[in-house]
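# Architecture and fold: a report
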Amino acid sequence: VEWKRSRDYRDILYETAEGMAKITINRPEVRNAFRPETVMELIDAFQAARDDASVGVVILTGAGKEAFCSGGDQRVRGEGGYVGADGIPRLNVLELQRLIRSIPKPVIAMVAGWCIGGGNVLQLVCDLTIAADNAIFGQTGPKVGSFDGGYGAGLLARTVGQKKAREIWYLCRRYTAREALAMGLINAVVPLDQLEEETVRWAKEILEKSPTAIRVLKAAFNAETDGLAGIQELAGNATLLYYLTEEAKEGRNAFLEKRKPDFSRFPRLP
Ligand code: 2NE
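Only a predicted model underlies this, so the values are computations on that prediction, with no experimental measurement involved.

## A short note on the confidence of the model for the protein
Summarising the model, the protein shows a mean pLDDT of 97, and 100% of its residues fall at 70 or more. Both confidence scores are given for the complex: pTM 0.97, ipTM 0.98.

Here it is in structure tokens:
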């Protein structure tokens, strides 16, 4: 794949090719830990991928072979969160998690090396995860004075089961890619030198499928786990499809033409 650098950022890379966007956390010197600015850029990049109709699948990864992401940058952890150059303490990675869930396109985590703390939660909220055989997964919150009780706990339990999720958080152990695969935390393990090739293969298989079927399925999976926000996404798809019908257009046209709408020609299907 010939990736084209399509947007410029400081902490991340944004590249596109053949219907895919690849978003790379580019802070290898800290094992791709994120600071508030990194997360702001990631949010901007995911919004760009969402709005680009030529993009059907997003790949999230980390620069280098050492790490996917080591979570929040502990060097900028201040009184009330992670403090950026603006001096405001934030936990904006939670917004990023919601965006990865709600973007109506599959997001594939491409994981090499460490996938730890908030980094593991990021791969968890992605639709699919392909890992290299050197990947290591785990949470560290209770060791370093943090925790993620949102998707980090609830979605983890839905994904690997209650017992395993509690073990992961309470003991803060590290798990190999094979162990992660066995517990259902990820989708596949491949040799490190085949990681991108395999991830792109999965992305292209998805790109051959009906985009509307894929987007409604994503919303349906979210509806099962994400409460009213998940139902909102699923219902948003129904509204989108409805807007495309003559029936919905009749309502809009009647309003604009200041007449009574005539829905009599639209069937009430069983
Ligand atoms: C990731 C890990 C296991 C890597 O170990 P290793 O031995 O391969 O590398 P090393 O030497 O530990 O790390 C290389 C450099 O990266 C920095 C290190 O401090 C070191 O810097 P220098 O000594 O060379 O200057 N680095 C690595 N991770 C960092 C981080 N997260 N923040 C700042 N600097 C980091 C090992 O480095 C490790 O255990 N890292 C910490 C993992 C961690 O506890 N992350 C935070 C969890 S909490 C969280 O992410 C979170 C949450 O729970 C809830 C909401 C939001 C976020």
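## As for the state of the cysteines
Tallying each qualifying case throughout the model produces zero disulfides. Here C115 stays unpaired: no disulfide links it, and the sulfur of C69, its closest cysteine neighbor, is 7.4 Å away. Its relative accessible area of 0% is what places C115 among the buried residues. Not part of a disulfide, C126 finds its nearest cysteine sulfur in C115, a span of 9.0 Å. When its relative accessible area of 6% is taken as the criterion, C126 is described as buried.

## Details of the packing of helix 5 (residues 151-160) against helix 6 (residues 162-171)
For the pair helix 5 and helix 6, interaxial distance at closest approach is 7 Å and the crossing angle is 135°. By the angle between their axes, helix 5 is oblique relative to helix 6. In the packing of helix 5 onto helix 6, the handedness of the crossing is right-handed. Residue-level inspection shows G152, A153, L156, A157 and V160 of helix 5 in contact with helix 6, the latter providing Q162, K164, A165, I168 and W169. A breakdown of the residues in the contact of helix 5 with helix 6 according to their chemical character gives seven nonpolar, two polar and one charged.

## Regarding the sheet that holds strand 11 (residues 136-138)
Ordered in space as 5-9-11-12, the four strands form an open sheet in which the pairing is mixed. Two strands in the sheet have a free side with no partner beyond their single neighbour: strand 5 (67-69) and strand 12 (175-176). In terms of strand pairing, strand 11 meets strand 12 through two bridges, oriented antiparallel. Directly across from F137, in strand 12, lies its bridge partner Y175.

## Quick notes on the pattern of salt bridges
Summed over all chains, the structure comprises 20 salt bridges. Residues R27 and D73 are paired through a salt bridge, measuring 3.1 Å at the closest nitrogen-oxygen approach. Residue R27 is found in the loop between strand 3 (20-25) and helix 1 (36-51), and its partner D73 is found in the loop between strand 5 and strand 6 (82-83); the two are separated by 46 residues along the sequence. The buried category is assigned to D73, whose relative accessible area is 3%. Note that R259 is salt-bridged to E257, the shortest N-O span being 2.7 Å. Overlapping salt bridges, with partners in common, bring together R10, D11, R27, R35, D73 and R75 in one network.

So, how was this worked out
Residues numbered from 1 in each chain as written. Predicted model: local features only at pLDDT ≥ 70, side-chain atom pairs only at ≥ 80, totals over all residues. Heavy atoms only, no water. pLDDT = per-residue confidence, 0-100. Disulfide = S-S within 2.5 Å. Buried < 20%, exposed > 50% of the residue type's maximum accessible area, 1.4 Å probe, protein only. Axes fitted to C-alpha atoms, helices over the stretch in contact; angles between N-to-C directions. Helix = DSSP H or I, 4+ residues; strand = E, 2+ residues; numbered from the N terminus. Parallel < 35°, antiparallel > 145°, perpendicular 65-115°, else oblique. Left-handed = near helix turned anticlockwise from the far one by under 90°. Contact = heavy atoms within 4.5 Å. Nonpolar A, V, L, I, M, F, W, Y, C, P; charged D, E, K, R; others polar. Pairing = 2+ DSSP bridges. Salt bridge = Lys/Arg side-chain N within 4 Å of Asp/Glu carboxyl O.

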